[in-house]
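Chain and residue survey
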Amino acid sequence: MGDGQTLSKKIPATEGLKQGCVLAPLLFNLFLADLTGILDELNAHPPKLDDRHITNLLYADNAILLSHTKVGLQRLINGTLMYAKENGMVINETKTKIMVVTKNKKIRHKSKWYMEKTQLEQVDVYKYLGVLFDDKGGSLMDPNETHLPPPAIILAGFPGLESYYGWVGVPFCATYVVAFLGNCTMIYIIAFESTLHEPMYLFLSMLSVTDLILSSTILPKMLSILWFHGGRVTFDGCIIQAFFVHFYFLLESAILLSMAFDRYVAICQPLRYTAILTNKVIGKIGIVCITRSFVFVTPGIYFVKVLRYCGDNIIHHTYCENMVIAKLSCSDITPSSVYGLTAAFLSTGLDFIFIFISYVLILKAVFHLPSKDARLKALSTCAAHVCIILIFYILAFFSFFTHRFGKNIPPYIHILLANLYLVVPPMFNPVVYGAKTKPIRKRLYQLFQRRKTQNLKLLSIQAQMKIPFTQN
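We now turn to the structure provided with this report. (Residues numbered from 1 in each chain as written. Predicted model: local features only at pLDDT ≥ 70, side-chain atom pairs only at ≥ 80, totals over all residues. Heavy atoms only, no water.)

Moving on, we get to the overall build of the chain. Secondary structure summary: the chain contains 14 helices and 14 strands in total. Per-residue burial for the chain yields a buried fraction of 37% across its 472 residues. Put simply, 70% of the contacts in the chain that link residues at least 6 apart link residues at least 24 apart. When the accessible surface of the chain is totalled, it reaches about 28,500 Å², and 65% of it is carbon and sulfur. (Helix = DSSP H or I, 4+ residues; strand = E, 2+ residues; numbered from the N terminus. Buried < 20%, exposed > 50% of the residue type's maximum accessible area, 1.4 Å probe, protein only. Contact = heavy atoms within 4.5 Å. Areas by Shrake-Rupley, 256 points an atom, 1.4 Å probe, with all protein chains shown as cover.)

Okay, structure coming up:
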């Protein structure tokens, strides 16, 4: 034995190699070199990989025998047993197991295999070279090992566009500035103008608050990645961002459904509008929207949190969300994926269906109005809401379907779409409502006029104060 500099006295070894010797796998593979050729000649119905039939997998003294049929596997067992006897080896029957990989449970339990007269045990899970394999064809992690999430995650941004990050950040920065200023202005106008304390505008203020938080959750970090290479984030920080992204996205969808209900009552039940949508009812609707978002998002975050991770910590995206985090895992992410699809359909999918139904009923009621002016006024009231709905859901569904079915689309296109459906609606909401809603447009105009008047008065006062000084 040696420590890198000196050698110990000779240690006699009369029975093979010592445990842990690095030569053991190599020498044993050389010793078993002819076993594969013998097993290949047994007509054992082995599986095929590319153009070659694979009867066995060998590593040192570990071996896997592979066959599509019960008879074929028994032939491989008999051939291996005969080879071992001829070469002075002993097969450990207690460690030899059978695992049938099939969806047919009857085949699993009815089939039996023997090593001479000993029936081999059939198992559902087997550990080979440190990896657990199950009878469904998947691999599992060893439950005795801990696979903690990485301490930090690197958000890599748009793959393939690294040389253009400086320019890519410009439109996103402009989008954030417009969204921030526009939504803050909407909240200010509705909060301080008592004439706008009506259901439609209260729902609009909820939408503006949601948009403000949603865009602030995504865009500052994105700009940090694009301009300052600030893609590093802790795993818990990534989980928190994913929670807020999904939470406020579902909340915005719920608020759009509430606004559609508001327009339905206003047009189809105008005499009962104030009686149905009281401030108390609006408050309860807001609580239900928040509760629903929390209930749908929390299990998805839990599924991601409990996955096992094996060291990979690079996400090719500009923000954290459930599935991109789950793909870092080395365990089965099917439950997380299935839950995500189910939650998306039961929340935003049903929201869109109900919104569509409500506007069909609204249009039906509008075209039955006796006055042309009344029809135009009703359509004008709904036009802004329809524009917001189309922008929100078209971008969201387009991103959703291209991400799952557009396999030939470059990755940066997927990531770009995933950003657009979250950052574009917060920018357009205040712009569209400001242009289409007359009371808000009027109040905004008065606000600018007041500012202009105050500035003129301030200039006049400054001029008067300078006149005596000039005369002196």
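So, about the state of the cysteines. Joining two cysteines, a disulfide is a covalent bond between their sulfur atoms. Applying the stated rule across the entire model yields one disulfide. Disulfide pairing places cysteine 238 opposite cysteine 320 at an S-S distance of 1.8 Å. Note on the cysteine 238 and cysteine 320 pair: the S-S dihedral is about -105°, so by sign convention the disulfide is left-handed. Highlighted residues: cysteine 238 in helix α7 (residues 235-268) and cysteine 320 in the loop between β14 (314-315) and α10 (322-326), separated in sequence by 82 residues. Assigned by exposure class, cysteine 238 and cysteine 320 land together as buried. (Disulfide = S-S within 2.5 Å.)

Next up on the list: the side chain of threonine 217. Within the secondary structure layout, threonine 217 lies in helix α6 (residues 199-228). Judged by its relative accessible area of 16%, threonine 217 falls in the buried class. When near neighbours in sequence (up to four residues on either side) are disregarded, threonine 217 contacts Gln241, Phe244 and Val245.

Moving on, we get to the pattern of salt bridges. Counted under the stated rule, the structure contains six salt bridges. The salt bridge partner of glutamate 193 is arginine 443, with a shortest N-O separation of 2.4 Å. Taken together, the positions of glutamate 193 in the loop between α5 (165-192) and α6 and arginine 443 in helix α14 (residues 438-471) put the pair 250 residues apart, joining distant regions of the chain. Taking relative accessible area as the criterion, glutamate 193 reaches 17% and is therefore assigned buried. Under the relative-accessibility criterion, arginine 443 is labelled buried at 9%. In this structure, the salt-bridge partner of aspartate 262 is arginine 263, at a minimum N-O distance of 2.8 Å. Pair check on accessibility: aspartate 262 and arginine 263 agree, each one buried. (Salt bridge = Lys/Arg side-chain N within 4 Å of Asp/Glu carboxyl O.)

The next subject is helix α9 (residues 279-305). Taking 1.5 Å of rise per residue, 27 residues should cover 39 Å, and α9 covers 39 Å from first to last C-alpha, within 8% of that figure. Along α9, the residues that are buried comprise Ile282, Ile285, Gly286, Cys289, Arg292, Ser293, Phe296, Val297, Gly300, Ile301 and Val304. Residues of α9 that are buried sit in contact with α6, α7, α10 and α11 (334-366). (Expected span 1.5 Å × (residues − 1).)

Pairing geometry for strand β12 (residues 152-155) and strand β13 (residues 232-234), over three bridges, is antiparallel. Pairing of isoleucine 154 across the sheet is with arginine 232, part of β13. The sheet contact formed by β12 and β14 spans two bridges and is parallel. Along β14, the bridge assignment pairs leucine 155 with isoleucine 315. (Pairing = 2+ DSSP bridges.)

Glancing now at a positive patch on the surface. A contiguous patch of positive charge, built from Lys377, Lys438, Arg441 and Lys442, is present on the exposed surface. Here the positive patch gets three residues from one element, more than from any other, and that element is α14. Note that lysine 377 resides in helix α12 (residues 372-405). Judged by its relative accessible area of 63%, lysine 377 falls in the exposed class. (Patch = residues over 30% accessible without salt bridge, like charges linked within 9 Å, V, L, I, M, F, W, Y side chains within 5 Å. Lys, Arg positive; Asp, Glu negative; His and termini not counted. Charge placed at Lys NZ, Arg CZ, Asp CG, Glu CD.)

Once that is clear, we can look at unusual backbone geometry. A positive phi angle, near 50°, is found at asparagine 43, a position not held by glycine. Position of asparagine 43 among the secondary structure elements: in the loop between α2 (35-40) and β1 (48-49). Taking relative accessible area as the criterion, asparagine 43 reaches 52% and is therefore assigned exposed. Here the phi dihedral of histidine 45 falls at roughly 55°; this positive angle occurs in a residue that is not glycine. The residue histidine 45 is located in the loop between α2 and β1 in this model. According to the relative accessible area criterion, histidine 45 is partly exposed, its value standing at 33%.

The three strands are arranged β13-β12-β14 in an open sheet whose pairing can be described as mixed. Single-partner strands in this sheet number two, and they are β13 and β14. On top of the sheet, α7 reaches β12, β13 and β14; it is set at about 90° to β13, its chief contact. (Axes fitted to C-alpha atoms, helices over the stretch in contact; angles between N-to-C directions.)

With that settled, the discussion passes to the packing of aromatic side chains. Counted by the stated rule, this structure contains 17 aromatic pairs. Note on phenylalanine 235 and tyrosine 309: the rings are 5.3 Å apart at their centroids and 70° apart in plane angle, and the pair reads as edge-to-face. Here the residue phenylalanine 235 occupies a position in helix α7, and tyrosine 309 occupies one in the loop between α9 and β14, the gap between them amounting to 74 residues. Judged by centre distance (5.9 Å) and plane angle (10°), the rings of phenylalanine 244 and tyrosine 248 are stacked. Separated by four residues within a single helix, phenylalanine 244 and tyrosine 248 lie in helix α7, roughly one turn from each other. When its relative accessible area of 32% is taken as the criterion, phenylalanine 244 is described as partly exposed. Judged by relative accessible area, which is 13%, tyrosine 248 ranks as buried. Taken together, the ring pairs connect Phe249, Phe352, Phe392, Tyr393, Phe397 and Tyr421 into an aromatic cluster. (Phe/Tyr/Trp six-rings, centres within 6.5 Å; stacked < 30°, edge-to-face > 60°.)

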